[in-house]
Each structure stands twice: as C-alpha cells, then as structure tokens.
Amino acid sequence: MRLLHVAGARPNFMKVAALMHAGAARGIEQVLVHTGQHYDASMSDVFFADLELPRPDHHLGVGGGSHAEQTAKVMTCLEPLIARERPDWVVVVGDVNSTLAAALTAAKLNIKVAHVEAGLRSFDRTMPEEVNRVVVDGLSDLLFTPSADGDLNLLREGHPPEQIKMVGNVMIDALERSIEPARRRRVPARFGLEPRRYAVLTLHRPSNVDDPVVLGQLLKTILGTSGDLPVIFPVHPRTRARLEDAAAHGLGRLPERLRLVEPLGYLDFLGLVDGALAVLTDSGGLQEETTVLGIPCLTLRENTERPVTVTLGTNRLVGRDPVALARAFEDVFAGRWTRGTCPPRWDGHAGERVIDLLLEATAGAAETARREGAENTTGVATW
Ligand code: UD1
C-alpha cells in the first residue's frame, strides 16, 4: 500500500504526524506533500521538528491568497504530482483549504480519498472550514471520524455506513506522544509564570479578528473579565495584521498583563497550555487538547463542530458575550469547573486504527479485482 499524505496548515501537522508514525511502524510506503499554505518557520518548520515529521517529499510553496487562489494553486501543483506518484490513497486531514484542494484533485484523478477527522459539523456555513468539511466528506471513499457525533452527521447526510469508521482523535495521538517532553521544557517558568496563575489566549477565526472593531471589543471584554490574571497571547499572523487596525479603531494601549508573543512551536505551546489556569480560544484543536488535559476552555465562538468537548470535556461556549465570559471567569477562579472525561478512543491509538483500516480496505480492493479478473478469463469486457 502506498499512501500520499497532504499537509498544508498548522493544525494539519499533528494529525499527519500521528498517521505517518503509525504508517512507518507498519513499514508502509508513504509520500508527504506540504502545500505551503502555512510557510513561516513558526507556523510550519518548528512543527516538523517537534513532531519528528520527515522532510516533505514535495513542497508546493503555494503561500497565501484568497480562498479561490489558494485552493486553485494547490490543485494545479498537486494534479501532475498525484498522477506521477499513483498512490493507493490520498490521505487528507482536517478542514483547511489544502484539504479541500487535495481531495478534489485526487477524486478527479480517480484516486481513493481517505478523510481523517471526517463528519465534524458546526452547521455554520459562514465558516470557510464548514464548507471544506462538507465537500471533502462528499468526495471521500473512507471517512474516519473522531467521535460518534461525526458518524451521526454523516449518516444523516446519506453517506453509506460502511464508509464511516469511528477511529478516535489523531490529534490526541500527537498529544500523548509529546506531553512529557513538553512538560520537561518548563515553559511557564521560561515566561516567568507560575503554574495555574495565568491564562492562554489564541484568536484567528475571521469572524473574531478580521473586523478591527470586533477584535478590539473582544480583547477589551477579555481584559475586563479576567481580573488581574496574566493572559499570554501567541499571535497568529492573520491576527497580527489586524491588531494595528484595532489599535487605530480605539483599542488603545494594552495593559502589560496581556502579553503578546510570537506563535509558539508545538511542544512549547503544549507546555504552556498544560500549566494554564484556563484557555480562551476560537481554535478547534485546542478545545480537544484542553479536554484531554482537564483544563477549562472558554471558547470564543457561538458554535462548535466538536460537541463532545462540551458534553464530556472541559469546554464551554461563551462567544463574545461579556456576561457569559464574566460568569465563566468567576467559575474558573472559584474552582467550579468540570474536570471532564476523555471521549471514547481519544487514547493515543487513532492513527494506528486508520492505517489498519486502510490496509484492510486496500487488501479487500485487490482481492475483488483479482476475483473479477479470474471470472472474466474470456478477455471480453464485462460491462
Ligand atoms: C487556516 C485555516 C484554519 C486553521 C488555521 C490555523 C483555512 C480556510 N483556514 O487559517 O482552518 O484553523 O489555518 O492556523 O484553510 N500567514 C502568514 N504566515 C504563515 C501562514 C499564514 O503570514 O505561515 C498569513 C497568510 O498569508 C494570510 C493569513 O496569514 O494572510 C491567513 O492565512 P491562511 O492560510 O489564509 O488562513 P488561516 O487564517 O491561517
């Protein structure tokens, strides 16, 4: 079996690492393509090092652009490459533009597509990722879901049950493998912070950061509700670009306890989150990581495509509502937050399940082809 993995943006790298480590342990032939959607060293290279990912076999260098430009650039570069590599499967992860582009390109070349992290739905089509999720699932031959809600969503959309496999969460494979090395880095101390005496903030969703007035108001709300807690804010490039505009729109001088830092690598960020009192975020992956680490997660969105983090984990949707945020911080400070439980199969072995199921499906397809060949010995086409 020959797999072609596609990674493009920061949240993809942990998932691809989990899959490639499981594939390598089984001696499978694997090709890694980096689309270059994320290209800064701090958004990409450091993740390859931290996650012990091999150097990509192909780097497409597509960079930024509008959604159509970015998607089209990946497709244009990937088409001849997939045609040349002829993998049994193109394996795509998550919901970013590179995921969509790769699934579409492979499907049109009649190469089988496996989607890891299938079935997640926020039911909010204003999110670019939701559009990507629906289309990628529609194009995929195997749908690997992280939780049972994913299976239900896919069944409701009419996907055949035999294509849906609940394997668990590959993101947690990466976490399990990295948490001890991350702890050994003593990241809070390096920032001069005491464990459980600070919060971590991340923001990058277009709905929160693209409008400078909305971004400024959100930061004011966070500062107004978090008491005197230091808030460490590793700033995504998209958000960095908007912060100056927000300052010009009346955000004013930020207090010192809101500490803007460069984006962190995987191990440093995990170490920082692991020591936090609470996390404020609009990221998807962080809702999952905080659930497994048992850390309160205040999600700055109205919805989530990861509902198990709310029902079983430590996640609460607070949106941008000052009242909800104030109440959440009161609960955090008073220690009134659920410790949560780990959702089924978020156990560090999801990647292995994916690879085993791909091996099974590939062997099944080869057997069918062999049997059909044996039945049709006349040499006359049977269609
Ligand atoms: C993308 C994903 C989002 C994911 C996020 C994680 C889509 C639609 N969105 O959003 O789902 O949660 O990644 O970070 O695919 N930039 C840099 N350096 C980089 C990367 C980006 O300067 O290394 C700039 C880009 O040029 C662009 C902006 O940041 O101006 C946004 O990058 P883009 O890839 O368009 O989307 P993200 O907001 O990062």
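Everything that follows concerns the structure shown earlier in this document.
**Description of the nonpolar core**
Point 1. Leu51, Leu53, Tyr266, Leu272 and Leu358 are the most contacted members of the largest nonpolar core, which has 53 residues in total.
Point 2. For this core, the leading source of residues is helix α1 (residues 10-25), giving 8 residues.
Point 3. The contacts of Leu358, once residues within four sequence positions are left out, are Met1, Leu3, Trp89, Val91, Ala114, Leu142 and Phe144.
Point 4. Membership of the second largest hydrophobic core comes to 29 residues, among which are Leu215, Leu223, Leu229 and Ala324.

**Focus: the packing of aromatic side chains**
Point 1. Taken as a whole and judged by the stated rule, the model has 4 aromatic pairs.
Point 2. Feature note: the residues Phe13, Phe47, Phe48 and Tyr266 constitute an aromatic cluster, connected by ring pairs.
Point 3. Here the basic side chain of Arg316 rests over the ring of Trp337, its NZ or CZ set 4.2 Å away from the ring centre.

**Quick notes on helix α10 (residues 212-225)**
Point 1. For α10, spanning 14 residues, the distance from its first C-alpha to its last is 20 Å, which sits close to the expected 20 Å at 1.5 Å a residue.
Point 2. Among the residues of α10, Pro212, Leu215, Gly216, Leu218, Leu219, Thr221, Ile222, Leu223 and Thr225 are the ones counted as buried.
Point 3. Measuring from the side-chain oxygen of the N-cap residue of α10 to the backbone nitrogen of Val213 gives 2.9 Å; that N-cap residue is Asp211.
Point 4. Immediately beyond the C-terminal end of α10, within one or two residues, lies Gly227, with a positive phi of roughly 60°.

**Quick notes on the sheet that holds strand β12 (residues 297-299)**
Point 1. Reading across the sheet, the 6 strands line up as β10-β9-β8-β11-β12-β13 and stay open at both edges, with parallel pairing between neighbours. Of all strands in the sheet, those bounded by a partner on one side alone are β10 (258-261) and β13 (315-317). Across this sheet, the average inter-strand angle for adjacent strands is 20°, counted without regard to direction.
Point 2. Bridging between strand β8 (residues 199-202) and strand β9 (residues 231-234) involves 2 bridges; their strand directions are parallel. Bridging from a neighbouring strand, Val200 pairs with Ile232 of β9.
Point 3. Where helix α15 (residues 322-334) meets the sheet, it contacts β11 (278-281), β12 and β13, and its direction lies at approximately 175° from that of β12.

Parameters and conventions
Residues numbered from 1 in each chain as written. Predicted model: local features only at pLDDT ≥ 70, side-chain atom pairs only at ≥ 80, totals over all residues. Heavy atoms only, no water. Core = buried A, V, L, I, M, F, W, Y, C linked by side-chain atoms within 4.5 Å. Buried < 20%, exposed > 50% of the residue type's maximum accessible area, 1.4 Å probe, protein only. Helix = DSSP H or I, 4+ residues; strand = E, 2+ residues; numbered from the N terminus. Contact = heavy atoms within 4.5 Å. Phe/Tyr/Trp six-rings, centres within 6.5 Å; stacked < 30°, edge-to-face > 60°. Lys NZ or Arg CZ within 6 Å of the ring centre and 35° of its normal. Expected span 1.5 Å × (residues − 1). Polar contact = N/O pair within 3.5 Å; in protein donor to acceptor, adjacent residues only side chain to side chain. Pairing = 2+ DSSP bridges. Axes fitted to C-alpha atoms, helices over the stretch in contact; angles between N-to-C directions.

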